[in-house]
Amino acid sequence: EPEVTQTPSHQVTQMGQEVILRCVPISNHLYFYWYRQILGQKVEFLVSFYNNEISEKSEIFDDQFSVERPDGSNFTLKIRSTKLEDSAMYFCASSRGGEAFFGQGTRLTVV
Amino acid sequence: AQKVTQAQTEISVVEKEDVTLDCVYETRDTTYYLFWYKQPPSGELVFLIRRNSFDEQNEISGRYSWNFQKSTSSFNFTITASQVVDSAVYFCALSEAGRNQGGKLIFGQGTELSVKP
């Protein structure tokens, strides 16, 4: 069964460092998303991406964040200069226009 | 603004009990979608159901059933004869309709269900 794949599963980084979280969406999906879940809290929308551009973003998705679909299969989230409060589980999701299917998540720990 | 409220933070039941997880939503859209996702202890988000705002029929899938009532803006989820494997956090979510019908999900806070043997 096709699934959304995220790597790495866990990343530890020093404050101020850049991180790139990687995702391989389901191959025939057209819409791609990143969500964030701070430990013990609800899942929050960050950004949606369609037709090679951002279609919507939340107020969380500030200038420190960027997304890219570099090669038609990967979908990445970059955080330029990480802060302690960026520590969270980051979920990638994709859809064809119906329900979104989520990856396993990447746990980002900023120390 | 869109909002999803899951008032029950934690529920604990004994195996084989029935349990209902409540979800109340707010939206100004006339067309929207409602979802339930399961987050087991391993952390992934598992899609359970999507319902559009025009379809108020209740749905049953095995031990799971969903009751959508537009009049009270509720989309409740019932697990019949609960099992230990049902232990997880359950999220209710809302999205607006349009070309991106499953995207930009607004999640509730989640209900942590613990099913004890």
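Residues numbered from 1 in each chain as written. Chains lettered and ligands numbered in written order. Predicted model: local features only at pLDDT ≥ 70, side-chain atom pairs only at ≥ 80, totals over all residues. Heavy atoms only, no water.

Q: Before we go on, may I ask you to explain the overall build of chain B in this structure?
A: Of regular secondary structure, chain B possesses zero helices and 12 strands. N-terminal to C-terminal, the α/β element order of chain B is β-β-β-β-β-β-β-β-β-β-β-β. Scaling as 2.2 N^0.38, a compact globule of 117 residues should have a C-alpha radius of gyration of about 13 Å, and chain B matches this with 14 Å. The principal-axis extent of the C-alpha atoms belonging to chain B is close to 45 × 25 × 20 Å. Across the 117 residues in chain B, those meeting the buried criterion constitute 45%. Partitioning the intrachain contacts of chain B with sequence separation of at least 6 by distance along the chain shows that 57% fall at a separation of at least 24. (Helix = DSSP H or I, 4+ residues; strand = E, 2+ residues; numbered from the N terminus. Rg over C-alpha atoms; globule rule 2.2 N^0.38 Å. Buried < 20%, exposed > 50% of the residue type's maximum accessible area, 1.4 Å probe, protein only. Contact = heavy atoms within 4.5 Å.)

Q: Help me out: how do you make sense of the pattern of salt bridges in this one?
A: Once their charged atoms are close, side chains differing in charge can pair, the charge on each being opposite to the other. In the structure shown here, the tally under the stated rule is six salt bridges over all chains. Between Glu99(A) and Arg50(B) there is a salt bridge; the shortest N-O distance is 3.6 Å. Taken together, the residues span two chains, with Glu99(A) in the loop between strand 9 (88-95) and strand 10 (101-102) and Arg50(B) in strand 6 (residues 46-52). One continuous salt-bridge network, built from bridges that share partners, spans Arg51(B), Asp55(B) and Glu59(B). (Salt bridge = Lys/Arg side-chain N within 4 Å of Asp/Glu carboxyl O.)

Q: Sorry, what's going on with the interface of chain A and chain B here?
A: Accessible area lost on assembly of the parts is the figure often given for the size of an interface. Chain A puts 21 residues into the contact, and the matching count from chain B is 19 residues. Together, Lys42(A), Glu99(A) and Phe102(A) form the three largest contributors to the area buried by chain A at its contact with chain B, with a combined 26%. Along the contact surface separating chain A from chain B lie two salt bridges. Residue Glu56(A) pairs with Lys104(B) through a salt bridge whose shortest N-O separation is 3.0 Å. Residue assignment for the side of chain A that touches chain B shows that the elements contributing at least two residues are strand 4 (31-37), strand 5 (43-50), strand 6 (53-57) and strand 10 of chain A. Classifying every residue of the side of chain A that touches chain B by side-chain character gives 10 nonpolar, eight polar and three charged. (Buried area = accessible area lost by both parts, 1.4 Å probe. Nonpolar A, V, L, I, M, F, W, Y, C, P; charged D, E, K, R; others polar.)

Q: I'm lost on the confidence of the model for chain A in this one. Help?
A: Caution applies to low-pLDDT regions: their predicted coordinates should not be interpreted in detail. When the pLDDT values of chain A are averaged, the result is 94; 100% of them are 70 or greater. Taken element by element, chain A is modelled with least confidence in strand 6 of chain A, mean pLDDT 91, and with most confidence in strand 11 (residues 106-110) of chain A, mean pLDDT 98. (pLDDT = per-residue confidence, 0-100.)

Q: Mind showing me how you'd approach the state of the cysteines here?
A: What we call a disulfide is simply a covalent bond connecting the sulfur atoms of a pair of cysteines. For the structure on display, the rule yields two disulfides over all chains. In this model, Cys23(A) is linked to Cys92(A) through a disulfide, with the two sulfur atoms separated by 1.9 Å. Every disulfide takes its handedness from the sign of the S-S torsion; for Cys23(A) and Cys92(A) that torsion is -65°, giving left-handed. Of this pair, Cys23(A) sits in strand 3 (residues 19-24) while Cys92(A) is found in strand 9, placing the two residues 69 residues apart along the sequence. One exposure class covers both Cys23(A) and Cys92(A), and it is buried. The disulfide partner of Cys23(B) is Cys92(B), and the S-S distance across this bridge is 1.9 Å. On the S-S bond that ties Cys23(B) to Cys92(B), the torsion sits near -65°, and the link is left-handed. (Disulfide = S-S within 2.5 Å.)

Q: For this particular structure, what's the right way to read the packing of aromatic side chains?
A: Scanning the model with the defined rule gives 25 aromatic pairs over all chains in all. Ring geometry for Tyr31(A) and Tyr50(A): centres 4.5 Å apart, planes at 15°, overall stacked. Of this pair, Tyr31(A) sits in strand 4 while Tyr50(A) sits in strand 5, and the two are 19 residues apart along the sequence. The interplanar angle of 5° and the centroid separation of 5.0 Å between the aromatic rings of Trp66(B) and Phe77(B) together place this pair among those described as stacked. Pair noted here: Trp66(B) is in strand 8 (residues 64-69) and Phe77(B) is in strand 9 (residues 74-79), with a separation of 11 residues, a long-range link. The exposure classification of Trp66(B) matches that of Phe77(B), with both residues buried. By way of ring pairs, the aromatic residues Tyr33(A), Tyr35(A), Phe45(A), Phe91(A), Phe101(A), Phe102(A), Phe35(B), Tyr37(B), Phe47(B), Phe91(B) and Phe107(B) are connected into one cluster. (Phe/Tyr/Trp six-rings, centres within 6.5 Å; stacked < 30°, edge-to-face > 60°.)

Q: Could you clarify how one ought to interpret the confidence of the model for chain B in this entry?
A: Across chain B, the average pLDDT comes to 92, with 94% of residues at 70 or higher. Taken element by element, chain B is modelled with least confidence in strand 7 (residues 59-61) of chain B, mean pLDDT 88, and with most confidence in strand 3 (residues 19-21) of chain B, mean pLDDT 98.

Q: Just checking my understanding: could you explain unusual backbone geometry for this structure?
A: Most peptide bonds take the trans form, and the phi angle of most residues other than glycine is negative. Residue and element names in this part refer to chain A. Here the residue pair Thr 7 and Pro 8 is connected by a cis peptide bond, since its omega of -10° sits within 30 degrees of zero. Mapped onto the elements, Pro 8 comes out in the loop between strand 1 (5-7) and strand 2 (10-13). One non-glycine residue, Asn 51, lies in positive phi territory at about 55°. By secondary structure assignment, the location of Asn 51 is in the loop between strand 5 and strand 6.

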